[in-house]
Amino acid sequence: MPPPQSGMTLCRLPTATLGLPFSLPCLLSRPRLALAARRARAVAARASSSSPSPDSSFGSRMEDSVKKTVSDNPVVIYSKSWCSYSMEVKALFKRIGVQPHVIELDHLGAQGPQLQNVLERLTGQSTVPNVFIGGKHVGGCTEVPHGKIESTTSTFFLQPGASALGRPAAAKKQSSRAYHRMLSVVAAGNRGRLVAATACFLVALLQQLQVRPATATATPPRAFFVFGDSLVDSGNNNYLATTARADSPPYGLDFPTHRATGRFSNGRNVPDIISEYLGAEPTLPYLSPHLDGRKLLVGANFASAGVGILNDTGIQFANIIRIQKQLRYFRQYQSRVSCLIGGDATARLVRGALVLISLGGNDFINNYFLLPFSARSREMSLPDYVRYIVSEYAKILRQLYSLGARRVLVTGSGPLGCAPAELALRGSRAGECNAELQRAAALYNPQLVDMIKGVNAELGADVFVAVNAYRMHMDFISDPAAYGFVTSKVACCGQGPYNGLGLCTAASNVCPDRNVYAFWDNFHPTEKANRIIVSQFMDGTQEYMHPLNLSTILAVDARAAAAATFS
């Protein structure tokens, strides 16, 4: 769930109201959001048109399915099973005797994000829960407008911008009348009247919340923080004088804006796709001037292309945000947020956040194996070097914990010797992966997992989750056809053997269909490959995610948060 946007207030239903023993989080927009409301109505008007969508026949069929679902059922909630806001909205309807038709997007596999995109196109809302009553889109925790009911013979309309009730007593009286009227309709079993009565009750509750801000208690949403290297950098290096940048075409070719954003991808990267599953907006780069105010509550991306575990990794890139500076920025972030919501609320936000960290690959590619410049390879054997960087990584993870992180996904090294850059640079003739780099990953990854288990045992909790990036990549590298790729050896964008030499630039060869290539440039996966990787984050077995996959983590944490709220 995304945080409140600027000019919005996160509210909870007072527990004394109507004797309902639960809370309803919602966002009540202020009048200055009338423009956004008009845009939302325009989106809905376009969605109701009988003209087919130009995107694809598949997308058109999915839109038709959504329209049929909302027209066939009095109350429809598009939800995610682990989302605490979705849980509370579903609990509200059940408490008042209404059984909504619920579609859990996270139970639909690959179709879940596609359906969420369709819902955004139809309603202008990208988050869950997404609620429809009587075939009309009502909104969700972040999209509920000012409203009043205007009854007709068969339906009702929410009117954005309408005035709230003027006095708290009047609001409470109206919500009480609406509640009892709805219960009587439930008992009578009249479907049409049930729809209108349910809507009246919900709007009355929202109106009461608007006039009783003193009793509301703010609850920060779950934030998302990202640390690491180019696999997860969303644009910090755009603001730095460094050669490790992806801020010009053809990068971003398939991003929604069709512009280079600083992501080393043709489109979205792993953090973007995780944010989709969270139902949240992507985290902004920490150096972005747009990361301010309430946008800070979404989280922040501190990652910087070229960095590693060690401070001397990536020295050829000069001005990059090394991991210790990323952690200093994280402290600075918390100070900024404290000024916004207070110290205690900031601590809760950080403790409840999801954290992703991706380090290690550059410590081999751009340090130990950076011959003939590497001092590390002259100082240490490969096994000794692996033990050293794993011990240094443990210090970084403990620092994250001391800064408040309590759910941290830690990615291991991918199959370093299989990247198009290494196939080209090391003279692979038949596309075989480089054995020495593969050996490095084979030494590093098991020791990383053991270290994570040890740190978790120290802390007495599963704070850190080991992500088997090696296996996730090797699945489609070893059998590309099984995942719809024509090649996992040749990069889509580049030049030379395997398109693996040099940077991806406007002068590079660019493949016409990125969906059939596993690698976008000489090191980084395409958006399609990133989606395959994140699907294993979400649902992978312990071979991929140890000790828990992300879907399980989100469900466990949501239950714990709900239990704490209701206790």
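Above this text sits the structure in question.
A brief report on the enclosed structure follows. (Residues numbered from 1 in each chain as written. Predicted model: local features only at pLDDT ≥ 70, side-chain atom pairs only at ≥ 80, totals over all residues. Heavy atoms only, no water.)

1. A closer look at the overall build of the protein chain
Thought 1: Check the secondary structure of the protein chain and you find 17 helices and 14 strands.
Thought 2: Burial analysis of the protein chain (567 residues in total) assigns 55% to the buried set.
Thought 3: Here the contacts in the protein chain between residues at least 6 apart in sequence split such that 69% fall between residues at least 24 apart.
Thought 4: When the accessible surface of the protein chain is summed, it comes to about 23,600 Å², and 55% of that surface belongs to carbon and sulfur atoms. (Helix = DSSP H or I, 4+ residues; strand = E, 2+ residues; numbered from the N terminus. Buried < 20%, exposed > 50% of the residue type's maximum accessible area, 1.4 Å probe, protein only. Contact = heavy atoms within 4.5 Å. Areas by Shrake-Rupley, 256 points an atom, 1.4 Å probe, with all protein chains shown as cover.)

2. Observations concerning the state of the cysteines
Thought 1: Applying the stated criterion across every chain yields a total of three disulfides.
Thought 2: Here C492 connects covalently by a disulfide to C511, the sulfurs 2.0 Å from one another. Here the disulfide of C492 and C511 is left-handed, its torsion about the S-S bond being about -95 degrees. Taken together, the residues C492 in the loop between α15 (469-478) and β12 (493-494) and C511 in the loop between β13 (509-510) and α16 (527-539) connect sequence positions 19 residues apart.
Thought 3: Residue C493 pairs covalently with C504 via a disulfide, S to S 1.9 Å. The chirality of the disulfide connecting C493 with C504 is right-handed, given an S-S dihedral of about 90 degrees. You can see C493 sitting in strand β12 and its partner C504 sitting in the loop between β12 and β13, a full eleven residues away along the chain. Both residues of the pair, C493 and C504, belong to the buried class.
Thought 4: Along the protein chain, the cysteines engaged in disulfide bonds are linked according to the scheme 1-2, 3-6, 4-5 when indexed in sequence order. (Disulfide = S-S within 2.5 Å.)

3. With respect to the packing of aromatic side chains
Geometrically, a pair of aromatic rings is defined through the distance of the ring centres and the angle of the planes.
Thought 1: Considering all chains together, one arrives at 19 aromatic pairs under this definition.
Thought 2: Ring centres 5.2 Å apart and planes at 40 degrees place the aromatic pair Y286 and Y329 in the tilted group. You can see Y286 sitting in the loop between α7 (270-278) and β8 (299-301) and its partner Y329 sitting in helix α8 (residues 323-341), a full 43 residues away along the chain.
Thought 3: Look at Y286 and you get buried, because its relative accessible area is 5%.
Thought 4: Owing to a relative accessible area of 16%, Y329 belongs among the buried residues under this scheme.
Thought 5: One aromatic cluster in this structure is built from F225, F227, Y286, F302, Y329, F330 and Y333.
Thought 6: Between the NZ or CZ atom of R406 and the centre of the ring of Y401, over which it lies, the distance is 3.7 Å. (Phe/Tyr/Trp six-rings, centres within 6.5 Å; stacked < 30°, edge-to-face > 60°. Lys NZ or Arg CZ within 6 Å of the ring centre and 35° of its normal.)

4. A short note on the sheet that holds strand β10 (residues 408-411)
Thought 1: The strand order β8-β7-β9-β10-β11-β14 describes an open sheet built from six strands, whose pairing is mixed. Of all the strands in the sheet, just β8 and β14 (545-546) have a single pairing partner and so form its edges.
Thought 2: By the bridge criterion, three bridges tie strand β7 (residues 224-228) to β8 in an arrangement that is parallel. Counted as the bridge partner of F225 is A300 from β8. (Pairing = 2+ DSSP bridges.)

5. A short note on the nonpolar core
Within soluble globular proteins, side chains that are nonpolar tend to cluster in buried spots.
Thought 1: In terms of nonpolar packing, the biggest core is built from 69 residues, with F225, F227, Y333, I357, F364, Y393 and L400 touching the most fellow members.
Thought 2: Top contributing element to this core by residue count: helix α12 (residues 382-402), with ten residues.
Thought 3: Sequence-distant contacts of Y333, defined by excluding residues within four places in its chain, comprise F225, Y286, L296, L297, G299, A300, F302 and L349.
Thought 4: Core analysis: the second largest hydrophobic core is formed by 52 residues, M62, V66, L278 and L354 among them. (Core = buried A, V, L, I, M, F, W, Y, C linked by side-chain atoms within 4.5 Å.)

6. A look at helix α9 (residues 343-351)
Spacing of three or four residues puts side chains on the same side of an α-helix, whose turn is 3.6 residues.
Thought 1: Of all the positions in α9, only A345, T346, L349 and V350 are classed as buried. Summarising the axial view, the buried residues of α9 lie within an arc of 135 degrees, below the 170-degree limit, and thus occupy one face.
Thought 2: Looking at the packing, one finds that the buried side of α9 touches β7 and α8. (Arc of directions from axis to C-beta.)

7. As for the pattern of salt bridges
Thought 1: Enumeration over the complete set of coordinates arrives at 21 salt bridges.
Thought 2: The salt bridge involving E543 is made with R471; its shortest N-O contact spans 2.0 Å. Remark: R471 occurs in helix α15 and E543 occurs in the loop between α16 and β14; sequence separation between them is 72 residues.
Thought 3: For E543, a relative accessible area of 46% gives the class partly exposed.
Thought 4: Classification of R471 by relative accessible area gives partly exposed; the value is 27%.
Thought 5: One salt-bridge network, in which partners are shared between bridges, spans R268, E276, E527 and R531. (Salt bridge = Lys/Arg side-chain N within 4 Å of Asp/Glu carboxyl O.)

8. Points about the pairing of β10
Thought 1: What you see with β10 is no split at all: V408 and V410 on one side and L409 and T411 on the other are buried throughout.
Thought 2: Two strands pair when backbone bridges link them, and strand β9 (residues 354-358) and β10 are joined in this way by four bridges, in the parallel orientation. Directly across from I357, in β10, lies its bridge partner V410.
Thought 3: With four bridges joining them, β10 and strand β11 (residues 464-467) adopt parallel strand pairing. Looking at β11, one finds that V408 is bridged to F464.

9. Details of the packing of α12 against helix α14 (residues 435-459)
Thought 1: As a packed pair, α12 and α14 sit with axes 9 Å apart at the nearest point and diverge in direction by 35 degrees. Here α12 and α14 pass one another in a crossing that is right-handed. On the side of α12, the interface is formed by L382, P383, V386, R387, I389, V390, Y393, A394, L397, R398 and Y401, while α14 contributes E436, R439, A440, L443, Y444, Q447, L448, M451, I452, V455, E458 and L459.
Thought 2: Counted by class, the contact of α12 with α14 contains 17 nonpolar, one polar and five charged residues. (Axes fitted to C-alpha atoms, helices over the stretch in contact; angles between N-to-C directions. Left-handed = near helix turned anticlockwise from the far one by under 90°. Nonpolar A, V, L, I, M, F, W, Y, C, P; charged D, E, K, R; others polar.)

10. Things to note about the environment of N530
Thought 1: With respect to the secondary-structure elements, N530 resides in helix α16.
Thought 2: N530 gets classed as buried once you look at its relative accessible area, which sits at 5%.
Thought 3: Considering only alpha carbons, one finds N530 and D272, 258 residues apart in sequence, at a separation of 9.6 Å.
Thought 4: Look past the residues within four positions of N530 in its chain and what remains in contact with it is S265, R268, N269, V270, I273 and P525.

11. Some remarks on the sheet that holds strand β5 (residues 130-133)
Thought 1: The strand order across the open sheet built from four strands is β4-β3-β5-β6, with neighbouring strands paired in mixed fashion. Across the chains shown, the open sheet's two edge strands, defined by having one partner strand only, are β4 (101-104) and β6 (136-139). Between one strand and the next, the sheet's axes are offset by a mean angle of 20 degrees, whatever the strand orientation.
Thought 2: Looking at chain direction, strand β3 (residues 75-79) and β4 are connected through four bridges and run parallel. Paired with I77 across the two strands is V102, which belongs to β4.

Purely geometric stuff here, so don't read any function into it on its own.
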